Each structure stands twice: as C-alpha cells, then as structure tokens.
Amino acid sequence: AAGLKPGIRLNSVQVKAHARQLFDSGMFKDVKFTSDRKRVLFTLTPSTQLYPMHLDNVPLTPGKELDAKLHDRFPLYHGLLPASGSMVEGICRTFEEMLAGKGARATVKADLTSGLGPKKLTAVNFTVVSPPVHIGRIQLSGVSPPMQAKASQLAGQQTGISFDTENTATGLQRVFENLYHDQGYAAVQVDVVQLDPLVASAQSIDVPYAVTIKEGGIYKLGKIELPAGALVTRAEIEKMVSKKPAGSGRPLDLFVLAVCDVYNAHGYLDCSTELHPSFDDAAHIVNYTLQINPGPQYRFASVKFEGAPDAMVARLERLWKMAPGDVFDQSYLSNFAALAKKKDRSLSKWMQTVITTYDFKADPATHQVNCVFHFAKATQDAR
C-alpha cells in the first residue's frame, strides 16, 4: 500500500514520498517514520472515520467477489473506506476499468452520503455520473399466453427507468409478483437476473435483465389469520377494509396495511409483517397466516408549534392532550389540526390563513418521539 518493496535502498526524499503515499490513502490519521542505515520504521495512527461502501447506480455486483478484487488492488481495503483520499479515487478508476471491460465507458464519482439503504447508513457512495444508467431490455420466460400481453406491457414500462444497483432486481421482482397477484396467481415465483453484456452508447448505459416466471395456479383469497394476542381481531380489520372505496387496492394489501395502522397507533412505529400462504390446490383457495413483528413501543416526548403567534401557540397547547410518556399515537398527530379547528373558533379562523404541516422524529435509541407542527402563511391561490 505504501509502494515499498523489500531490499530496495531509499534516500530520505523517497521515504517521505512513501509516507505521503500511505497518508494520502485516507486510511490513517497520522503517519510518522524514523530510519537508520538498516531499516525504516513507520508509526501509523489509523483513522477512526471509516465507512462502508455503497454502489448507487454502478452496474456491478456488490459482495465478496468484488471486495476480493478491490483488496487485491488496494491491500488496505477490508470493506471500509475513508470519506476521501487516493484509495477512494483509485476505486473510482477501478470501477471505470471494470465497466470498460463490459463495453461501457463511464465516469464514476464518490462522495460521503447519509441515509443509504434500509438501515439509513452513512457510506461512501459510488455513482456513475455520465452517461445515465437505465434498465435495459427485459427478457421474459415462463409467461403463459393469457398473461403474455400484460407481462410484455409491464416489461416495456420498466425499460428505461433509472438503474439502482441495490434495488433494481428486487424492484423488478416485486412489480412482476404484484402483476400476477392481481390476476390471482398467488403462488407465482419470479426470478430476476442481471445479464451481460451491458448495452452502452454515449447517451446511456442500459442494463439488460432476464425475468423468469413460474406462474403456478390461480387461487381465490381465503382467510387471513392473525397471531394469538394480536392487538386487533380479524373481524375488526375486515370491517376497516370494507369501508375502503372500491379500487383502492388489493384486499390482502389493505388488510396488512390496516394491521400496521393499528400497531402504529399503539406506538409500534417499527412494526413489520410477513405473510405465510397455505394453498388448497383442490379448492384453488389460498389462506394466509400473518406474522406480526411489532418492534419496540415508542412514547411521546414533546411537541412544538412553529410559525404560530404566541396566542395561537397557547391555544394549541391547551388542546393537545398527549402527555410526555404516553404511548405515541401517530393517528392523533395526523388528526390534531382538524380537531383544533373544530374545538376552537379562533384557531379555526386563523388556521384558514395558513398551511399546516407536521413531522415527527422517532429516536431508535430512546424510543421517544418529538413532534413539530409547521404553520406557513398561505397565499391567496392556496386559500
């Protein structure tokens, strides 16, 4: 990594150059050296600010194989990178070489970006800045004649969409599954594979895919069973779903969404669900067992009313009933503005002159929620 080879003779200028090479990598906070006639001793202070690597729209496959190739070229790389430095620049050039080997000339840049991936990581994010990268031709197989037109139309709609290294394959899988689920193919299996070579020009890089579909049979939706001890009964959820207007979504999706809404209202903001199907092939009915993973329960911490006059803030605070330490009810937050207008005539008159928005921040460490209402003066057109 320092560009050193055993047995070579170095003068002081050369030693300094090799020390600078180590420092410029970005992997070390400090690099010092001492020397005598027999040896050079480098004293290294590792950087404490290292981050994982994230590929934004680079059409390469992240994982062990790519990491091994990078480690061979950059011996200090073990999965974490500094925010900048010669190593990061070198990886940009390496990615450009790899893409050139696939027939695509591209310019790759890197920057430190927060909020990446499902865990909202801060990572060194590598992006193809030119030319734009798109989903290319989608090769379909396993599609039956009754579904050929719909599947081909969907493939055409996806072609040309911006490519995302992390999400494109799973996104394609999901949209084709949803298409088939809408038609009653509850047992459908969709396999998505990125193909080579890339189709590249000066205008774009197109990433082709193969989508293989195992349709299975057509099933009618049967029962959806909730786990024992759930916060809501199946009858209550079915009643909530029945009030939804026609065409608002698939019954199964609406059922799951209603369950999550109930758990959110009880402070379980990280609630997630998993559906486990059971197929009755004789009757062509699919029943589901819904697994609920509620996560931690969040509690209300504070509320602020920004952009409101002191007199209106006082009125809003009097109407606010959720106390610090109470289980956080997200539905109370979304309904509060309407409640305030209904309960207080002065507030109602004033709120007609402003645009009201709100947001909240849930702290995953303390499981507390801070809320903020924003009031901005409405224009004549907005009113």
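Here, the structure is the one placed above.
Cut-offs applied
- Residues numbered from 1 in each chain as written.
- Predicted model: local features only at pLDDT ≥ 70, side-chain atom pairs only at ≥ 80, totals over all residues.
- Heavy atoms only, no water.
- Helix = DSSP H or I, 4+ residues; strand = E, 2+ residues; numbered from the N terminus.
- Buried < 20%, exposed > 50% of the residue type's maximum accessible area, 1.4 Å probe, protein only.
- Pairing = 2+ DSSP bridges.
- Axes fitted to C-alpha atoms, helices over the stretch in contact; angles between N-to-C directions.
- Contact = heavy atoms within 4.5 Å.
- Arc of directions from axis to C-beta.
- Patch = residues over 30% accessible without salt bridge, like charges linked within 9 Å, V, L, I, M, F, W, Y side chains within 5 Å.
- Areas by Shrake-Rupley, 256 points an atom, 1.4 Å probe, with all protein chains shown as cover.
- Salt bridge = Lys/Arg side-chain N within 4 Å of Asp/Glu carboxyl O.
- Parallel < 35°, antiparallel > 145°, perpendicular 65-115°, else oblique.
- Left-handed = near helix turned anticlockwise from the far one by under 90°.
- Nonpolar A, V, L, I, M, F, W, Y, C, P; charged D, E, K, R; others polar.
- Phe/Tyr/Trp six-rings, centres within 6.5 Å; stacked < 30°, edge-to-face > 60°.
- 1 Å grid on protein atoms, 1.4 Å probe; cavity = no way out; pocket = protein on both sides within 12 Å on 5 of 7 lines; lining within 4 Å.
- Points joined across faces, edges and corners; volume = space filled by probe spheres on them.
- Core = buried A, V, L, I, M, F, W, Y, C linked by side-chain atoms within 4.5 Å.

Participant: Quick question: what am I supposed to make of unusual backbone geometry here?
Facilitator: The bulk of non-glycine residues show a negative phi, and the bulk of peptide bonds are trans. In this structure, Pro131 follows Ser130 across a cis peptide bond, with omega equal to -10°. On the secondary structure map, Pro131 appears in the loop between strand S6 (121-130) and strand S7 (133-141). In this structure, the amide linkage connecting Asp196 to the following residue, Pro197, adopts the cis form with an omega of 0°. Looking at where Pro197 falls in the secondary structure, it is placed in the loop between strand S8 (189-194) and strand S9 (199-200). Positive phi, normally seen in glycine, also occurs at His284, with a value near 55°. Position of His284 relative to the elements: it lies in the loop between strand S12 (272-280) and strand S13 (285-293). Given a relative accessible area of 43%, His284 falls into the partly exposed group.

Participant: Explain the sheet that holds strand S11 (residues 220-225) here, please?
Facilitator: Picture the strands of a sheet paired through backbone hydrogen bonds; they go either parallel or antiparallel. Read from one edge of the open sheet, three strands run S11-S13-S12, paired in mixed fashion. Each having just a single partner strand, S11 and S12 make up the two edges of the open sheet. The mean inter-strand angle of the sheet, taken between neighbouring strand axes irrespective of direction, is 25°. For S11 and S13, the ladder comprises four bridges, and the chain directions are parallel. The partner of Lys220 across the bridge, within S13, is Ile285. Helix H7 (residues 251-265) contacts S11, S12 and S13 of the sheet and is inclined by roughly 20° relative to S13.

Participant: Explain helix H8 (residues 310-319) here, please?
Facilitator: For the α-helix, the turn length of 3.6 residues means that residues three or four positions removed from each other point alike. For H8, the set of buried residues is Met312, Val313, Leu316 and Leu319. The arc that holds the buried residues of H8, viewed along the axis, is 125°, so those residues lie on one side. For H8, exposure combined with an orientation more than 90 degrees from the buried face picks out Asp310, Ala311 and Arg318. Where H8 is buried, its residues meet strand S14 (299-306), helix H9 (330-343), helix H10 (345-351) and strand S16 (368-377).

Participant: Would you mind showing me how to read a nonpolar patch on the surface here?
Facilitator: Among the surface-exposed residues, Leu4, Ile8, Leu10 and Val40 lie close enough to one another that they form a single nonpolar patch of about 280 Å² accessible area. Turning to its location among the elements, Leu10 is positioned in the segment before helix H1 (12-24).

Participant: Please clarify how the packing of helix H2 (residues 64-73) against helix H3 (residues 86-101) should be interpreted in this entry.
Facilitator: Pairs of packed helices are described in terms of their axes, by the angle between the two and the distance that separates them. Running from amino to carboxyl end, H2 crosses H3 at an angle of 120°, the nearest separation of the two axes being 11 Å. It follows that H2 is oblique to H3 by the angle criterion. Relative to H3, H2 is oriented so that their crossing is right-handed. When H2 is examined against H3, the residues Leu66, Lys69, Leu70 and Arg73 are found in contact with a partner set consisting of Ile91, Thr94, Phe95, Glu97 and Met98. For the contact of H2 with H3, a count of residues per class yields five nonpolar, one polar and three charged.

Participant: What is the right way to look at the packing of aromatic side chains in this model?
Facilitator: Aromatic rings in a pair are described by how distant their centres are and how their planes are angled relative to each other. A full pass over the atoms with the stated rule returns 17 aromatic pairs. Between Phe328 and Phe360, the aromatic rings sit 5.3 Å apart at their centres with planes inclined by 50°, giving tilted as the arrangement. Note that Phe328 is positioned in the loop between H8 and H9 and Phe360 in strand S15 (residues 354-363), a separation of 32 residues in sequence. Aromatic ring contacts, followed pair by pair, group Phe300, Phe305, Trp320, Tyr332, Phe336, Tyr358 and Phe373 into a single cluster.

Participant: Just to check I follow, could you spell out the layout of surface pockets for this structure?
Facilitator: A water-sized probe, rolled over the atoms, reveals where empty space remains. The computed volume of the largest pocket comes to approximately 360 Å³. Contributing to the lining of the largest pocket are 18 residues, with Ile8, Arg9, Leu10, Arg39 and Val40 lying nearest its centre. For the lining of the largest pocket, the elements supplying multiple residues, two or more each, are H1, strand S1 (28-35) and strand S2 (40-46). Residues of the lining of the largest pocket, tallied by class, amount to eight nonpolar, four polar and six charged. If you go around the second largest pocket, you meet 13 residues; those closest to its centre are Leu60, Thr61, Glu65, Lys69 and Lys102. The element best represented in the lining of the second largest pocket is H2, accounting for three residues.

Participant: It is not clear to me how the pairing of strand S5 (residues 107-116) should be interpreted in this structure. Could you clarify?
Facilitator: Side-chain positions along a regular strand alternate between the two faces of the sheet. Sheet topology places S5 next to S6; eight bridges connect them, and they run antiparallel. Counterpart to Thr107 in the pairing with S6 is Ser130. From the end of S5 to the start of S6, which pair antiparallel, there are four residues, and Gly117 there has a positive phi angle of about 75°.

Participant: Would you explain the nonpolar core in this entry?
Facilitator: It is characteristic of soluble globular proteins that their nonpolar side chains tend to be buried jointly. Membership of the largest hydrophobic core comes to 51 residues, with the highest contact counts inside it found for Leu81, Phe95, Leu99, Phe126 and Tyr180. Per-element tally for this core: the top contributor is H3, with six residues. Each residue touching Leu81, except ones within four places of it in the same chain, is listed here: Gln49, Leu50, Tyr51, Met53, Met87, Val88, Ile91, Val124 and Phe126. Grouped together as the second largest cluster of nonpolar side chains are 25 residues, Val303, Leu316, Trp320 and Tyr332 included.

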